[in-house]
Amino acid sequence: MDKMTPGYRFFSILNYGLLLLISIGCVLPLLHIFALSFSSASAVTSGEVTFWPVKWTAAAYRNIIDRPEYLTAFWVSVKRVALGVGLNMALTVLIAYPLSKEPRQFRGRTLYAWYFVFTMLFSGGLIPWYMVIKETGLMDSLWALVIPSAVPIFNVLVLLNFFRGLPKELEESAKIDGGGHFIVLFRIFLPLSLPALATITLFAVVNHWNSWFDGLILMNRVEHYPLQSFLQTVIIKQDPTYLTAKELELQALMNDRTSRAAQVFVAALPVLLVYPFLQRFFIKGIVLGSVKE
Amino acid sequence: MSVGLKKTRIITSIALALVLMLVTACSKTENNAAEGSKSPEASTPAASAPAETQAEIDPNAKFDPPVTVTTVRAINAASMTFHEDESIDKNAVYDSYLRDDGVIIKNDWAVDVKAYDEKLKVSIASNTLPDFFLVSAAQLPQLLENDMIMDITDVYNKYASEATKKVLTGDGGAQMKSATVDGKLMAIPVTNSPFNSAQFVWLRKDWLDEMNLPEPKTTQDLLKISEAFATRDSGGKGKVYGMTLNQNIMWNTGLYNQYHAYPWSWVKDASGNLAYGSIQPEMKATLKQLQDIYKAGQIDPEFAVNDDNKAMELVANNRLGMLFNQFWYSAILQNTIVKDNKVMQNWKAYMLPSIDDQPAKTQVTASVGAYYVINKKAKNPEAVIKLLNRWCDVLTGGVLKEGDPKSEYNWGKERKDTGKAYYGINPIIVYLTDVNVQGGQYIPEALKTGDTSKIEWSADLLGRYKANKDYEAGDLSKWYETLISGDGGTFQGMYEYFKQNRYQYDEFYGAPTPTMTEKMELLNSKEKEVFTKIVMGTSPIDAFDTFVNDWMKLGGEQITKEVNDWYKQHQ
């Protein structure tokens, strides 16, 4: 970094400036929602709120606590993430390990690999997907949200390639000491793959937390909705087809932007919080120096 | 080596293809088998129906033992209240149906009204449908085409009560006709008042008084008002506009109706054929006028991206005093205008003025937005008709008595008026076609004299009467209701439109034609885009003529032909 030519300096300023702008662009909408959720309803309706709450009040959050549906949906989402991510990770690891072997070690590896990749490229479509879930009796249960997405192929590919990048000598040394595949996987591969595992865990958490469409289609009762499906029904604009004049009238009276903002904010919070906790696993170069060639 | 590889590849792909064929073949035979086993089942109700009807013809008889019917529900918090131990599956209203009619209602699923359409689409596509359910007008043709719903002509004729028939044909029969295909009744229309979509111009009355402006008698008056409003000072909150358009430019029909333009509806042309309102010369004149007003800075330049919330910000900051909307718009204004126990602004809804000596008509439609249909495989279609009978009885059965078990259909298990809405829980709901017009005729009168005898037959009207009284007694949360059903309110306007014969009906009220289903969405979005651009001056007014040509070419011609074919059949 001691070569600070004027050109390099100019580039740095421009680069950091641009990145700063982009990151501000990402934060501002969230800040706006945050400001709305803590402002008084009258300040919101007259458009006074931009990025900082006007006339602080936590009334919207008290509303959330008073809404059993919201808390129920939140709990469903928590269960879904716990169950779904656990299942995702277990299966990802167990599939990625054998597939990371050379074909001479594991015959038919290519066939298996294609078998998985095929599902990434092609799917049966919405209706067959729905029928399968219905016929297998998963409908309206938590399992319907977890089992169909139990094997995230993309994550498998990420982990598989990471495994391949690990020095073969480490595996061989374990073998020499009499270790089997499980020892190699759990005592050598996994501890060395923490950055990759952290990444795909994050993918899995975010994916499960944010998906809403499956909940909307597969759940038969509002009480079984995960949080994002529930939020979708709170946020989107009503299509008046099924509403009558009387209902439009009643609906108009219920419009409440602050409480919607609060609900969105609370829903975004857990994922925001997960990030810093996983941050410390994003360490580079852990295998550096383990093998001398 | 490479040859060998190629060979294995070919063999694999052939094998794969074979496997796929096998799989599809298997699933097909399975389907056939399933259908085969189901078809005799499906024919039983038809076979047993005549036998049953001979045994009992009384449409009011109770089922003993009770029968179960399945349905799916859209939950709308605005019209449904559940007590702690109640849910959409178990509640006082459902219990009442079992008690009075011997019908057990079972929900296959029940989701929020906003998720209903999506969920229903999948249910239809996968053919997992309940005995009866609510569908939108857009979905009805699909169900008919796939032969999934029952012809209910006989069952309706035998079991529908007099009250039911009266309610459903209250509009002269057009709404029932829209559910009839080749003389067969295929669905129960969710009858509703065509008058409800009448438009009004909502104005800041306090500004009119303050600026000594006359109430609008003609469109010229209205243009002057808009001009005058635009010169006001909001006190540093930003520029004041004369009026705003709805984000969905298609919603402001009242605005165009003043110029005798009837966009998005079908009108009779000079030769007696139906023509599309949006492409008529009157529409061009209206757009030209709007373009001029916009150029003069009287229309909010951001109208095309502003939703209702943004419009309310303008209202809250005293930057807006004129809007075109339907009778219930005061309910949207309520939260903005009534603050800290004070009504901050005085609004009033006026009937549409006209650009010339011909009075303006407000465009309405007799078409029905949604239908109840009965599954072809349903075993007890007559039970569904009984649910309908019960609802129509509640609708017209007169004033509810506190403590009467029958009041549970409207008041829930408390059996008294608690101000909460329960009626939405009823599994089949249709509406009277003219209840709001009658409200306009009788509520203001009743408010003056205190004599409620003319509105006591309807719990809805009586509720509105009471809300007016509450407002007079100082309950400001009922402010919106006085602008609806009070003296000079929109209900009275709806009645006046009716008396003066100022409803312009959409001449086409059938199910969407094939080309409509395919092309209308595209045409509508193009139209919206072109009209918005013309108003904003980014396209010259002559873009309208180009649009008319494009519209015809992009499927409009075919749609016009189909609509006219329909029209000839239904005359």
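Small disclaimer: the values here were computed from a predicted structure and weren't measured.

Conventions used here
- Residues numbered from 1 in each chain as written.
- Chains lettered and ligands numbered in written order.
- Predicted model: local features only at pLDDT ≥ 70, side-chain atom pairs only at ≥ 80, totals over all residues.
- Heavy atoms only, no water.
- Helix = DSSP H or I, 4+ residues; strand = E, 2+ residues; numbered from the N terminus.
- Buried < 20%, exposed > 50% of the residue type's maximum accessible area, 1.4 Å probe, protein only.
- Contact = heavy atoms within 4.5 Å.
- Domains from an automatic or database assignment.
- Axes fitted to C-alpha atoms, helices over the stretch in contact; angles between N-to-C directions.
- Nonpolar A, V, L, I, M, F, W, Y, C, P; charged D, E, K, R; others polar.
- Phe/Tyr/Trp six-rings, centres within 6.5 Å; stacked < 30°, edge-to-face > 60°.
- Lys NZ or Arg CZ within 6 Å of the ring centre and 35° of its normal.
- Expected span 1.5 Å × (residues − 1).
- Pairing = 2+ DSSP bridges.
- Right-handed = clockwise from strand over helix to strand, strands pointing away.
- Buried area = accessible area lost by both parts, 1.4 Å probe.
- Salt bridge = Lys/Arg side-chain N within 4 Å of Asp/Glu carboxyl O.
- Polar contact = N/O pair within 3.5 Å; in protein donor to acceptor, adjacent residues only side chain to side chain.
- Patch = residues over 30% accessible without salt bridge, like charges linked within 9 Å, V, L, I, M, F, W, Y side chains within 5 Å.
- Areas by Shrake-Rupley, 256 points an atom, 1.4 Å probe, with all protein chains shown as cover.

What follows is about the overall build of chain A. Across its full length, chain A carries 15 helices and zero strands. Buried positions account for 40% of the 293 residues belonging to chain A. In chain A, the proportion of contacts linking residues at least 24 apart, taken out of those at least 6 apart, comes to 71%.

Let us now look at the domain arrangement of chain A. Examined at the domain level, chain A breaks down into domain 1 (18–57) and domain 2 (70–228). In this structure, domain 1 of chain A and domain 2 of chain A have C-alpha centres spaced 37 Å apart.

Residues and elements named next belong to chain A. Close contact between helix α4 (residues 68–99) and helix α13 (residues 227–235) brings their axes to 7 Å; oriented N to C, the two are set at 145 degrees. Across from Glu 69, Tyr 70, Ala 73, Phe 74 and Ser 77 in α4, the residues of α13 making contact are Leu 227, Gln 228, Phe 230 and Leu 231. Partitioning the contact of α4 with α13 into residue classes produces six nonpolar, two polar and one charged.

If you walk through the whole model with that rule in mind, you get 32 aromatic pairs over all chains. Where Phe 106 of chain A meets Tyr 112 of chain A, the ring centres are 5.7 Å apart and the plane angle is 20 degrees; that geometry is what we call stacked. Judged by its relative accessible area of 25%, Phe 106 of chain A is partly exposed. A ring pair is formed by Phe 195 of chain B and Phe 498 of chain B, whose centres lie 5.6 Å apart and whose planes are at 75 degrees; its orientation type is edge-to-face. Of this pair, Phe 195 of chain B sits in the loop between β6 (188–189) and β7 (200–204) while Phe 498 of chain B sits in helix α19 (residues 490–499), placing them 303 residues apart in sequence. Ring pairs connect the aromatic residues Phe 34, Phe 38, Trp 52, Tyr 61 and Phe 265 of chain A, which therefore count as one cluster. For Lys 119 of chain B, the ring lying beneath its charged end belongs to Trp 109 of chain B, and the centroid distance is 5.6 Å.

Our next topic: unusual backbone geometry. All names here are of chain B. Following Asp 64, the chain continues into Pro 65 via a peptide bond in cis, with omega recorded as 0 degrees. Of note, the phi angle at Asp 147 is positive, near 55 degrees, even though the residue is not glycine. The topology assignment puts Asp 147 in the loop between α4 (140–145) and α5 (153–159). Taking the relative accessible area as the measure of exposure, Asp 147 reaches 46% and is therefore partly exposed. Phi is positive for Asn 501, close to 55 degrees, though the residue is something other than glycine. If you trace the backbone, Asn 501 turns up in the loop between α19 and β16 (503–505). The class for Asn 501 is exposed, based on a relative accessible area of 55%.

Another point: helix α14 (residues 381–396) of chain B. Between its first and last C-alpha, α14 of chain B extends 23 Å over 16 residues, near the 22 Å set by a 1.5 Å rise per residue. In terms of burial, α14 of chain B is a largely internal element, 14 of the 16 residues being buried.

Residue and element names in this part refer to chain B. Counting buried residues along strand β2 (residues 103–112), seven of its 10 residues qualify, which places the element largely inside the surrounding structure. Taken together, the nine bridges between strand β1 (residues 67–75) and β2 define a ladder with parallel strand orientation. Paired with Thr 71 across the two strands is Asn 107, which belongs to β2. At this point the chain moves from β1, through helix α2 (residues 92–101), to the parallel β2, and the crossover so formed is right-handed.

Residue-level contacts link 41 residues of chain A with 53 residues of chain B. Overall, the association of chain A and chain B removes approximately 4,000 Å² of surface from exposure, summing both partners, and the carbon and sulfur fraction of that is 59%. Counting across the interface, chain A meets chain B through one salt bridge. Its salt-bridge partner being Arg 221 of chain A, residue Asp 89 of chain B comes within 2.7 Å of it at the nearest N-O pair. The tally of links between chain A and chain B comes to six residue pairs in polar contact (both at pLDDT 80 or more). When residues of the side of chain A that touches chain B are assigned to their parent elements, the largest contribution, nine residues, is made by helix α14 (residues 245–253) of chain A. Looking at side-chain class alone, the side of chain A that touches chain B contains 23 nonpolar, 11 polar and seven charged residues.

Residues and elements named next belong to chain A. Taken together, Trp 114, Phe 118, Met 120, Leu 121, Phe 122, Phe 154 and Phe 203 make up a surface patch of nonpolar side chains, about 800 Å² in accessible area. On the secondary structure map, Phe 118 appears in helix α5 (residues 109–121). Taking the relative accessible area as the measure of exposure, Phe 118 reaches 44% and is therefore partly exposed.

A few words on the domain arrangement of chain B. Interface size is often expressed as the accessible area that is lost when the parts come together. Domain parsing of chain B yields domain 1 (56–192 + 368–419 + 421–425) and domain 2 (207–319 + 503–569). The distance between the C-alpha centroids of domain 1 of chain B and domain 2 of chain B comes to 36 Å.

With that settled, consider the sheet that holds strand β13 (residues 347–350) of chain B. All names here are of chain B. Strands sit in the order β10-β7-β13 across an open sheet of three strands; the sheet is antiparallel. If you trace the sheet from one side to the other, it starts and ends with β10 (322–325) and β13, each paired once. In this sheet, adjacent strand axes meet at a mean angle of 25 degrees when their direction is disregarded. Two strands pair when backbone bridges link them, and β7 and β13 are joined in this way by four bridges, in the antiparallel orientation. Paired with Val 201 across the bridge in β13 is Tyr 350. Here helix α9 (residues 219–229) sits on the sheet in contact with β7 and β10, set at roughly 35 degrees to β7. Helix-sheet contacts for helix α13 (residues 329–337) involve β7, β10 and β13, and the interaxial angle to β7 is about 20 degrees.

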